Amino acid sequence: VSTQSTGNFTRAYAISSEEFAAKLSTAGSIGEEYLRPTLEDDAVLMIDFEELAPGEPGPSEKEEEGGNEVSREVLARKLEQVQNMYLELLESRTGPTKTDGYFESYADYSIHYDMLSDRSRTEAYRDYIYKNPAVFEGQDVLDIGCGTGILSMFCARGGRARSVTAVDNSRIVDKAKAIVKLNSLAGVIDVVEGKAEELPADRSYDVIVSEWMGYGLLFEAMLDSVIHTRDRLLRPGGVMVPSRASLLLYLVGDVKSHNRRIKFWRDVYGFDMSPMVTETSGEAVVESVGERNIISTECGFKHFDLGTVKVADLEFTSPFEVEITKPGPLTAVSIHFTCNFDGSEFSVCLDTSPTLPDTHWLQTVLYLPEPLEASGRVRGSVAYKRSVVNKRGYVIDLELETEQGESVRQTYHLN
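Remember, it's a predicted structure, so these values are computed and weren't measured experimentally.

Draft legend 1. Region of interest: a nonpolar patch on the surface. Together, Y269, F271, M273 and M276 line one region of the surface with nonpolar side chains, adding up to about 500 Å² of accessible area. Considering the arrangement of structural elements, one finds F271 in the loop between α14 (255-261) and α15 (275-280).

Set out below in structure tokens:
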């Protein structure tokens, strides 16, 4: 199906990419409804996306270089690039499409209740802002992904910022404006609906505050937006809040949970459903691990300085090594993160470790296909790669080996 037919149909019927794909899968042929332009002289439909799309060389280029096989991953990445470019151009002409439900999910009030009632999260920001007045007083602050405006109000009231620009790309901004006005802060806080990357370049900021962290730290890809906006709008010497972030892991020995997730499928009311194990063992599960199930020392395997990190740094492979503290079955790897708020007067560490009270992020758990007997040291690596299916998701590759010579190599999807 051509880009032209895709554009015509999605413009006319305002359906999502998933709905469009479902229609195509059942269509015997491409009817006139797919080919009829909705906009006369539509510039989007005149574009040759193959000429514009950056990335890996195509099949003919590979053959010229002597290659005999085109990587399926390369083709998938190129397809995703073309799809994303098309969607961006479509939105620029007709407004937001329904293809990315990410922003609309943040219009759901229950999400904001979960975040605001997470005391570890909310009080880390509050304490840092209130106890470091020199960072905020008299400064221009940008709050990326402001939600209900709580961080903006911390900056305006406790931090005594000169101005706060609070930006969010979901309908929650209507409530944020009402909340700011109700708390008599409308003279300081300007709530803006839209993407931070699209803010005017003629305004810069002394401080950028954002609660961008997702499951496994990087899920949702909101850090991309923060980085792009930092590079455009943060003044020289400006402050990023938080300042640093780290990914860490523990090994887990929880046979009961492993049986519930994996072994369950091997006998379901007397039926063998083991083909389901391939799917379930390839999922990164967000859940509470519990300190009692930790069987190793902690290892930090990736660290980010929010003042200098680049988008390219968000795909990586990092080694790890831990010591088993409770010899026995090894059933999973648990990933958590920390965020450091560095201040001259007061510093804060937001820690989502399973050894501490749960936050709304919980932990990201990678279940092994089968338990391993482990003692001594365990070595391995963790790789984070962008998902080619969900542009806000990640693929996590895990490799580990025990001193006893047992090893695992498994891929997980965090979508």
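Draft legend 2. Region of interest: unusual backbone geometry. For the bond from V241 to P242, the omega torsion is 5°, close enough to zero to count as cis. With respect to the secondary-structure elements, P242 resides in the loop between β5 (234-241) and β6 (244-252). With phi around 55°, R160 is a residue other than glycine that occupies positive phi space. On the secondary structure map, R160 appears in the loop between α11 (150-158) and β2 (163-168). A residue is classified by how much of its surface remains accessible, and R160, at 43% relative accessible area, is partly exposed.

Draft legend 3. Structural context of the sheet that holds strand β4 (residues 205-210). Read across the sheet, five strands follow the order β3-β2-β1-β4-β5 without closing on themselves; strand pairing throughout is parallel. A strand with exactly one partner marks an edge of an open sheet, and here the two such strands are β3 (189-193) and β5. When the angles between neighbouring strand axes are averaged without regard to direction, this sheet yields 20°. Bridging between strand β1 (residues 140-144) and β2 involves five bridges; their strand directions are parallel. Residue pairing for β2: D140 is matched across the bridge by S163. Packed onto the sheet, α11 meets β1, β2, β3 and β4 and runs at close to 180° relative to β2. Its contacts with the sheet place helix α12 (residues 172-182) against β2 and β3, and it is angled at close to 170° to β3.

Draft legend 4. The arrangement of the state of the cysteines in detail. Tallied over the full model, the rule gives zero disulfides. Its sulfur unpaired, C339 is 8.1 Å from the next cysteine sulfur, which belongs to C349. On the basis of relative accessibility, which here comes to 0%, the residue C339 falls in the buried class.

Draft legend 5. Geometry of the packing of aromatic side chains. Summed over all chains, the structure comprises ten aromatic pairs. With a centroid separation of 5.1 Å and an interplanar angle of 85°, the aromatic rings of F264 and W265 are classed as edge-to-face. Three or more aromatic residues link up through ring pairs in this structure, and these residues are Y125, Y128, F136 and F341.

The rules we used
Sequence order sets the numbering: in each chain, residues are counted from 1 along the sequence as written. Where local features are concerned, this predicted model is filtered to residues with pLDDT of at least 70; where side-chain atom pairs are given and counted, the filter is 80 or more; whole-chain, interface and lining totals use all residues. Working from all heavy atoms in the structure, the side-chain values ignore hydrogens and water. What makes a patch is a set of residues exposed beyond 30% relative accessible area and free of salt bridges, joined within 9 Å when like-charged and within 5 Å when nonpolar (Val, Leu, Ile, Met, Phe, Trp, Tyr). What sets the accessible areas is the Shrake-Rupley method with a 1.4 Å probe; for residues, cover comes only from the shown protein chains. Definition used for salt bridges: Asp or Glu carboxyl oxygen within 4 Å of a side-chain nitrogen of Lys or Arg. Put simply, DSSP marks the helices as runs of H or I at least four residues long and the strands as runs of E at least two long, and each gets a number from the N terminus on. Accessibility here uses a 1.4 Å probe with only protein chains present; expressed as a share of the type maximum, an area under 20% marks a residue as buried, one over 50% as exposed, and anything in between as partly exposed. Strand pairing follows a simple DSSP-based rule, namely that at least 2 bridges must link the two strands. In this analysis, axes come from line fits to C-alpha atoms, helices being fitted only over the stretch in contact, and the angle between any two N-to-C directions falls in the range 0 to 180 degrees. Two residues form a contact once any of their heavy atoms are found within 4.5 Å. Criterion for a disulfide: a pair of cysteine sulfur atoms within 2.5 Å. Think of it this way: a Phe, Tyr or Trp ring, Trp meaning its six-membered ring, pairs with another when their centres are within 6.5 Å, and the plane angle makes it stacked under 30 degrees, edge-to-face over 60, tilted otherwise.

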